[in-house]
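# Chain and residue survey
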Amino acid sequence: LTQKFADFGGRASKSEYWWFFLLTVIVSVVSGVIDGFVGIEIGLVGLITSLALFIPGIAVAIRRFHDLGKSGWWVLSLFIIIGIIFMFFDGEQSNNAYGAPPTNVL
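Attention here is on the structure that accompanies the text. These numbers were taken from a predicted model, which means no experiment stands behind them.

Time to look at the overall build of the protein chain. A tally of regular secondary structure across the protein chain gives three helices and zero strands. Its C-alpha atoms give the protein chain principal-axis dimensions of roughly 50 × 30 × 20 Å. Restricting to contacts in the protein chain with at least 6 residues of sequence separation, those with at least 24 account for 67%. Carbon and sulfur atoms provide 74% of the accessible area of the protein chain, an area that totals close to 6700 Å². Here the protein chain carries 6 positive and 7 negative side-chain charges, and the mean point of each set is 10 Å from the other.

And the structure:
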């Protein structure tokens, strides 16, 4: 997972995407709690966390769409509900234009 934090090529399995999503939620909650204890109004820890997870989040979403046989530009559909629904679909079981199916099952 950490080797691919800014890798926009290749494919990401459904489990890789959802494990990253869970990690992001946990880290965000922890940073929110830290911000609450520190008492800084602007949420500095949350801001730093969001910035640190932005590029890896985009990268894993693009690789997930690649696994579905779709262009990385489909990541823009995440702003509407249809993109989120696609994340629950199984990827293509054979090679596609973006490479071989992911073999790492998390």
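Next comes the rest of the description.
What follows deals with the packing of helix H1 (residues 14–38) against helix H2 (residues 44–67). Running from N to C, H1 and H2 point in directions that differ by 170°, and their axes come no closer than 10 Å. Relative to H2, H1 is oriented roughly antiparallel. Counted together, Lys14, Glu16, Tyr17, Phe20, Thr24, Val27, Ser31, Ile34 and Asp35 of H1 and Leu44, Val45, Gly46, Thr49, Leu53, Pro56, Gly57, Val60, Ala61, Arg63, Arg64 and Asp67 of H2 form the full contact between these two elements. The residue makeup of the contact of H1 with H2, split by class, is ten nonpolar, five polar and six charged.

Rules of the game
- Residues numbered from 1 in each chain as written.
- Predicted model: local features only at pLDDT ≥ 70, side-chain atom pairs only at ≥ 80, totals over all residues.
- Heavy atoms only, no water.
- Helix = DSSP H or I, 4+ residues; strand = E, 2+ residues; numbered from the N terminus.
- Contact = heavy atoms within 4.5 Å.
- Areas by Shrake-Rupley, 256 points an atom, 1.4 Å probe, with all protein chains shown as cover.
- Lys, Arg positive; Asp, Glu negative; His and termini not counted.
- Charge placed at Lys NZ, Arg CZ, Asp CG, Glu CD.
- Axes fitted to C-alpha atoms, helices over the stretch in contact; angles between N-to-C directions.
- Parallel < 35°, antiparallel > 145°, perpendicular 65-115°, else oblique.
- Nonpolar A, V, L, I, M, F, W, Y, C, P; charged D, E, K, R; others polar.

Functional significance is not addressed by these values, which are geometric in nature.
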